[in-house]
Amino acid sequence: MKISIRSEVKDIAEEIIAIRRDIHKHPELGFEVHRTAELVSNHLKKLGFNVSDGIGKTGVVGDLIGHGSGPTIGLRADMDALPIQETSDLLYSSVNDGIMHACGHDGHTAMLLGAATVLKQFQNQLNGNVRFIFQPAEEGDGGARYMIEDGCLESVDEIFGIHLWNYQPYGEVGVKEGPILAAADFFDITIKGIGGHGAAPQGTIDAVLVSAHLITALQSIVSRNTNPLESTVVTIGQINGGHNFNVIADKIVLKGTARSYSKENRQLIQDRMEEIISGIAKTFSAEIDFNYSEGYPPTVNNEISYQKLMLSAKKIVGDKCGFPYLSMGGEDFSYYAEKIPGCFFFVGSAPSDKKLRSVPHHCSHFDIDENALLIGSSIFVQLIEDQLINIR
Ligand code: NI
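For the structure given in this document, a descriptive report is provided here. Because the structure is a prediction, the values reported are computed rather than measured.

1. Quick word on the layout of surface pockets
Then, in step 1: In this structure, the largest pocket occupies an estimated 520 Å³ of space.
Then, in step 2: Surrounding the largest pocket, 25 residues form its lining, E139, R259, G329, G330 and E331 being those nearest its centre.
Then, in step 3: Looking at the lining of the largest pocket, the elements that each hand over two or more residues are β5 (158-169), β8 (183-192), β12 (251-260) and β13 (287-296).
Then, in step 4: Residues that form the lining of the largest pocket fall into these classes: 8 nonpolar, 10 polar and 7 charged.

This is the structure in structure tokens:
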């Protein structure tokens, strides 16, 4: 089955790619996406949209108002980059030291601006409205929450979000019903013992020994407590403590992350962690402090929104649509999809050039197959046409 890029998207392909390269060259972090937001805002204003700046601190919202009493559909892109020094040697490599678009958010913004340009041509035919949502701070600070607080979902009936995905080849669209990305929680554990001479353990409480038992016991949550058919992860990623080879450590700090696809498993992990920690503390007479913080909730695709996305995406990529390369990563699109029906989908962007095929996201020489941008814009355009023009 061949790929059918929309002809209106083909007409502006160079512009879409140029926007992506411009943003790639000038990456910005978190809420500091001032230049990018200005670029987005100017583009939307030039198209004649109703534009609101400074939503969710530095986000931009643009409304394309159609006719009739149809729904308002939200389309969302994220604009922020990562604190990574780019090592690739591209014409459009980052000029900002230590900052890089290594996740593809430059492409998300370009695809959505491309779709906005095309959809403007259809304004008079739209039975309903389209809200273009460009948010800052997806990478960790939960920009989506600030966007929602500032009203970006008011009068929006349904929302769709996109992610370029180097784990899937160009031409594939990864999407599924239900959970598609995980809850991304984090925690720290401080073990307080009593230090002493390494040759005289009597009277001490060895924080290293306690941490060893604790780390091992925590791995039993995923292997013994959660349903093996429901993915979960508990990772201790960092251990700090101790003074010297011959000193029994009085304090160890552990940091880690817990991932799950459901509210139930999320709670189960947290509860079991508490039980295991208090049990181990008692066993070794240590004092253990535990701080568990909830990060982004799981991203859960609404069944009907998923079907709508599939209907339109199939018109672009044919049967190469459906099963995603799933990940236990998190996404703050989840906050939107908690409030209103929504669907988040992946657009395969593994570079066709075999040498680049395996470059993963968040890698210092990350790059995409830019043809994937045209697929993304086409799906957005097709989706709006199917929902606001074809369905009356
Ligand atoms: Ni990302």
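2. Considerations on the packing of aromatic side chains
Then, in step 1: One pass over the structure, following the stated rule, counts 13 aromatic pairs.
Then, in step 2: Relative to Y167, the ring of W165 lies with its centre 4.9 Å away and its plane at 75°, an arrangement referred to as edge-to-face.
Then, in step 3: Judged by relative accessible area, Y167 falls into the partly exposed class, the value being 34%.
Then, in step 4: Look at Y296 and Y335: their rings are 5.8 Å apart centre to centre, the planes differ by 80°, and that puts the pair in the edge-to-face class. Taken as a pair, Y296 in strand β13 and Y335 in helix α9 (residues 333-339) lie far apart in primary sequence, 39 residues in all.
Then, in step 5: An aromatic cluster is built from W165, Y167, Y325, F333, Y336, F344 and F346, whose rings are joined through pairwise contacts.
Then, in step 6: Over the aromatic face of F31 sits the side chain of K57, whose NZ or CZ is 4.7 Å from the ring centroid.

3. Overview of the sheet that holds strand β3 (residues 67-78)
Hydrogen bonds between backbone atoms are what pair the strands of a sheet, whose relative direction is either parallel or antiparallel.
Then, in step 1: With mixed pairing, the 8 strands of this open sheet are ordered in space as β1-β2-β4-β3-β5-β16-β6-β15. Either end of the sheet is taken by a strand with one partner, and the two such strands are β1 (50-55) and β15 (321-322).

4. What to know about the coordination of the nickel ion
Then, in step 1: All of the protein donors around the nickel ion are C103 (SG), H105 (NE2) and H163 (NE2); their distances to the metal are 2.2 to 2.3 Å.
Then, in step 2: Of note, the donors binding the nickel ion are all from one chain and are spaced C-x1-H-x57-H. Within this pair, whereas H105 is found in helix α4 (residues 105-120), its partner H163 is found in strand β5, the two being separated by 58 residues in sequence. Each of the two residues, H105 as well as H163, counts as buried.

The rules behind these values
Residues numbered from 1 in each chain as written. Predicted model: local features only at pLDDT ≥ 70, side-chain atom pairs only at ≥ 80, totals over all residues. Heavy atoms only, no water. 1 Å grid on protein atoms, 1.4 Å probe; cavity = no way out; pocket = protein on both sides within 12 Å on 5 of 7 lines; lining within 4 Å. Points joined across faces, edges and corners; volume = space filled by probe spheres on them. Helix = DSSP H or I, 4+ residues; strand = E, 2+ residues; numbered from the N terminus. Nonpolar A, V, L, I, M, F, W, Y, C, P; charged D, E, K, R; others polar. Phe/Tyr/Trp six-rings, centres within 6.5 Å; stacked < 30°, edge-to-face > 60°. Buried < 20%, exposed > 50% of the residue type's maximum accessible area, 1.4 Å probe, protein only. Lys NZ or Arg CZ within 6 Å of the ring centre and 35° of its normal. Pairing = 2+ DSSP bridges. Donors = N, O, S within 2.8 Å, 3.2 Å for Na, K, Ca; no water.

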